[in-house]
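Examination of the molecular architecture
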Amino acid sequence: MKETKSKIRLYGDTTLRKRAKPVKTVTAAEKKIFEKMLETMREEGGIGLAAPQIGISKQLLVVEVGNEVFMIANPKITKMTGCDSLEEGCLSFPEVAIKIKRPKKISLTCLNENNCAIEIEADDIIARAIQHEMDHLKGKLIVDYASLADKIRLKKKLDVIKKKSKQGR
Ligand code: ZN
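We now turn to the structure provided with this report. This is a predicted model, so every value here is computed, not measured.

Observations concerning the sheet that holds strand β3 (residues 68-81)
Read across the open sheet, the five strands follow the order β1-β2-β3-β6-β7; overall the sheet is antiparallel. The strands lining the two open edges of the sheet, one partner per strand, are β1 (48-50) and β7 (117-123). On average, each strand axis in the sheet is inclined to that of its neighbour by 40°, with strand direction left out of account. Relative to β3, strand β2 (residues 60-65) runs antiparallel, the two sharing six bridges. Residue pairing across strands places Leu-61 opposite Ile-72, the latter belonging to β3.

Looking at the coordination of the zinc ion
Bound to the zinc ion on the protein side are Cys-90 (SG), His-132 (NE2) and His-136 (NE2), at distances that span 2.0 to 2.2 Å. All donors of the zinc ion belong to a single chain; written as a sequence motif, their spacing is C-x41-H-x3-H. Residue His-132 and its partner His-136 are both found in helix α2 (residues 124-137); the two are separated by four residues, about one turn of the helix. Taken individually, His-132 and His-136 each receive the classification buried, so the pair is uniform in this respect.

Regarding the state of the cysteines
For the coordinates displayed, the defined rule picks out zero disulfides. No disulfide involves Cys-110; its nearest neighbouring cysteine sulfur is the one of Cys-116, lying 10 Å away. With relative accessibility at 38%, the residue Cys-116 sits in the partly exposed group.

As for the pattern of salt bridges
Taken as a whole, this structure holds 12 salt bridges when the rule is applied. Arg-42 is the salt-bridge partner of Glu-64, the closest N and O atoms lying 2.9 Å from each other. Separated by 22 residues along the polypeptide, Glu-64 in strand β2 and Arg-42 in helix α1 (residues 28-44) bring together distant segments of the chain. Residue Glu-64 is classed as buried on the basis of its relative accessible area, which comes to 18%. Given a relative accessible area of 46%, Arg-42 falls into the partly exposed group. Residue Asp-135 pairs with Arg-102 through a salt bridge whose shortest N-O separation is 3.1 Å.

Rules and cut-offs
- Every chain begins its residue count from 1, and numbering advances along the sequence as written.
- Thresholds applied to this predicted model are a pLDDT of at least 70 for local features of residues and 80 or more for the giving and counting of side-chain atom pairs; totals over whole chains, interfaces and linings are not thresholded and use all residues.
- Side-chain measures here rest on the full set of heavy atoms in the structure, leaving out hydrogens and waters.
- A pair of strands is treated as paired once DSSP finds two or more bridges between them.
- Helix numbers and strand numbers start at the N terminus; a helix is a DSSP run of H or I with at least 4 residues, a strand a run of E with at least 2.
- Axis geometry follows a simple rule: fit a line to the C-alpha atoms, using only the stretch in contact for helices, then measure angles between N-to-C directions, giving values from 0 to 180 degrees.
- Each metal's donors comprise the N, O and S atoms found within 2.8 Å of it (within 3.2 Å for Na, K or Ca). Water is not part of the atom list, so some coordination spheres may appear incomplete.
- Accessible area is worked out with a 1.4 Å probe on protein chains only. A residue is then buried under 20% of its type maximum, exposed over 50%, and partly exposed in between.
- Cysteine sulfur pairs qualify as disulfides if the two atoms are within 2.5 Å.
- For this document, the term salt bridge refers to a Lys or Arg side-chain nitrogen within 4 Å of an Asp or Glu carboxyl oxygen.

As structure tokens, this is what we get:
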């Protein structure tokens, strides 16, 4: 039996602006959250999701690009190099894309789904997705990177999303 899918929190939801708490240990409960996040992300056609997006204020994120799946708890960037500017979308901002400059290559330490402390090196799209989801854990959103021109261009769309968020969709 499939569990009912959790709704993705949209821009305007207060959980998205909270600083997520680190987890002490990745237990069966966190593993279950990871699985739920992966399922929700796949259903929505995303490549990454952070726990606050399903209303859970914990430092957990998932990223899936091709057949590479990452389940990450308590991430900390230890090294970043390069720079790249690309348009990013977000499941909490349907139909919105904003150009964001980010380091191209990153190293980070974290706990994985088995509560092992690991180090991850990533570049390009995976590095970008991980950094995007890490922003969510700090309560930071793509709209915070918007230029004045972006803000004007996106105002209507953002207002609609906020309204939907208030109505709980
Ligand atoms: Zn996002």
